[in-house]
Structure formats: C-alpha cells, structure tokens
Amino acid sequence: MQEESQVNSDELRAQVKEKYRAVAVAPDAEYHFHTGRPLAARLGYDSAITDSLSDAAVESFAGVGNPFSLRALQQGEKIVDAGSGSGFDCFVAATLVGDQGQVVGVDMTEEMLTKSRATAVALGADNIDIREGLLEELPLQDAWADVVISNGVINLCSDKQRAFAEIFRVLKPGGHLQFADIANSEPVPQSAINNIDLWTS
Amino acid sequence: MLLDSGFEDVQIGPPVDTFGGASGETNARQFGVYGYAFLARKPG
C-alpha cells in the first residue's frame, strides 16, 4: 500500500465519495477499474454465491481482491465490512455466516448506503445492518466482531494507522482481519503520492 | 503497519491482476500495482 502522505484528508474523502457515488448510480459506465460480475469472476469469488445474488447486489461491486480467499467465514460469525460500498461483500458474507451470523457494513457515501440498504431489504437479508461511518471512526462497540473484512478501501484512507487501530478495537481477541487491497512493487514518487487524482484514478 | 497495529500471524495472498484490461491498466503497470488478499489475527 502507499506510504503515508501529505494528502489533505477532507479533500481525498470528498473525491473518493464523488468517484463511488458515480459507481453507485451508474454501474455500467466506464471506469478505470472493472466492476460487477466480471470483476467478481476475475477475483475468484464463488460463482455459486455470486450467481445467486440479484444484479443490484453485484453491479456496483468495485473491489480489488477477494477478502474471503485466505480464510473461510464460519457459520454464526459476526462480520464488519469496513467500506462496504454497494454491499456486495456484505451479501457474500451474509450467505456464508448464515442466519445465526450478523453483518454490519460501514460506508461514508450516501448513494452507496442507500443502494446497499435497499438491496439488503430486497434480498430479505435480515442479518445485515448498513451504517454510515468512516474507517477511522467505526460506529461499533469494542470487541464486537469475529471478523473484519474490507476491499480496496484502506488504501483510500489518508490515515491508515488510525483505520487499522479502529479495526483492531472492534475485533474480539482472536478475531481476524481479512481484507483485499492494492500494493505497488515499483516505487511511487512523492509527487504522485501527493496527487489526489492518482489515489482515485 | 499491521504488526505495528498489534496484529499477528499476517499472511499475504498471491497478486491478482485487478486492473488488467481496464483503463487504469497503464498506471497500474507503471507502478507494479496488483491486488492482494491479506489475513491477520488479533492476539487473544
């Protein structure tokens, strides 16, 4: 992931909201990243689960990896999706943990919150609760979660250490953080790190 | 950063060509950007 930088947190947050607002309302537009079912297939999601979900549940998915690939979620686990977007990973997680499990999605973008809440209702997913919030201030009590998942969001936080501290706080002792994000193998010049446009595009 | 935050047993999955074929591929190739899965555990 990128190093900490001098990027303005509020400005970065505003641009991230603008980008993902567009993905929520116009999922079929062209973006610099893949979206929807083709992306889920590319990242190795279980097609049986993806195929069982409605188009609304999948079409605005814009993750960068598969947070379920290194450890399988267990029935009954309590999950937090940090940066839940349109809710795709919440819906996958809810399928995996079953009716006895719980999933809380946290996101900051109004259009994503609206879409994911509507989709959860349409799916009859009573074990999903979508909350407005930031990764740096997760709206959850201490030690609530068995697992925190996240997908392509921590990289968009200007203060990653604070985001990780919040995730650590809401996890139970022995709980797991399983997330996907991008990382670079070639050095990124400071001028690029400080360019907000490159964080979101 | 994960270890600094108190996590342990950190695992990193293989790289995934997240941006291949998308318009962001050029920037991704320039800096060797790929997607990765990460797993870490809170002690206890």
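As a reminder, the structure under discussion sits directly above these lines.
Structural notes, computed from the coordinates. (Residues numbered from 1 in each chain as written. Chains lettered and ligands numbered in written order. Predicted model: local features only at pLDDT ≥ 70, side-chain atom pairs only at ≥ 80, totals over all residues.)

A short note on the overall build of chain B
Next, step 1: When you go through chain B residue by residue, the secondary structure sums to one helix and two strands.
Next, step 2: Counting from the amino terminus, chain B carries its helices and strands in the arrangement β-α-β.
Next, step 3: Taken over the C-alpha atoms alone, chain B extends approximately 45 × 15 × 10 Å along its principal axes.
Next, step 4: In chain B, buried positions account for 34% of the 44 residues. (Helix = DSSP H or I, 4+ residues; strand = E, 2+ residues; numbered from the N terminus. Buried ≥ 20, exposed ≤ 12 C-beta atoms within 10 Å, placed from the backbone.)

Quick notes on the nonpolar core
Next, step 1: Residues Ile79, Val80, Ala93 and Val148 of chain A are the most contacted members of the largest nonpolar core, which totals 66 residues.
Next, step 2: Setting aside its immediate chain neighbours within four residues, Val148 of chain A contacts Val80, Ala82, Ile167, Val170, Leu171 and Leu177 of chain A. (Core = buried A, V, L, I, M, F, W, Y, C linked by C-beta atoms within 7 Å. Contact = placed C-beta atoms within 7 Å.)

Looking at the interface of chain B and chain A
Next, step 1: Contact residues are listed per partner, giving 27 residues for chain B and 34 residues for chain A.
Next, step 2: For the side of chain B that touches chain A, the residue count by class is 15 nonpolar, ten polar and two charged.
Next, step 3: Alignment of strand E5 (residues 171–184) of chain A against strand E2 (residues 33–41) of chain B, held across nine bridges, turns out to be antiparallel. The residue bridging Phe179 of chain A from the neighbouring strand is Phe38 of chain B, located in E2 of chain B. (Nonpolar A, V, L, I, M, F, W, Y, C, P; charged D, E, K, R; others polar. Pairing = 2+ DSSP bridges.)

Regarding unusual backbone geometry
All names here are of chain A.
Next, step 1: Despite not being glycine, Ala143 shows a phi value in the positive range, around 55°.
Next, step 2: Mapped onto the secondary structure, Ala143 falls in the loop between strand E3 (128–132) and strand E4 (145–151).
Next, step 3: A count of 14 C-beta atoms within 10 Å places Ala143 in the partly exposed class.

Things to note about the pairing of E3 of chain A
All names here are of chain A.
Next, step 1: Pairing analysis gives five bridges linking strand E2 (residues 102–107) to E3, with the strands arranged parallel. Considered in E3, the bridge of Val106 is made with Arg131.
Next, step 2: Between the parallel elements E2 and E3, the chain passes through helix H6 (residues 110–123) in a crossover that is right-handed. (Right-handed = clockwise from strand over helix to strand, strands pointing away.)

Some words on helix H1 (residues 9–25) of chain A
Residues and elements named next belong to chain A.
Next, step 1: In this model, H1 (17 residues) spans 24 Å end to end at C-alpha, consistent with the 24 Å of a helix rising 1.5 Å per residue.
Next, step 2: Burial in H1 covers these residues: Val16, Tyr20, Val23 and Ala24. Considered in projection along H1, the buried side chains sweep an arc of 95° and stay on one side of the axis. For H1, the exposed residues lying more than 90 degrees away from the buried face are Asp10, Glu11, Ala14 and Glu18. (Expected span 1.5 Å × (residues − 1). Arc of directions from axis to C-beta.)

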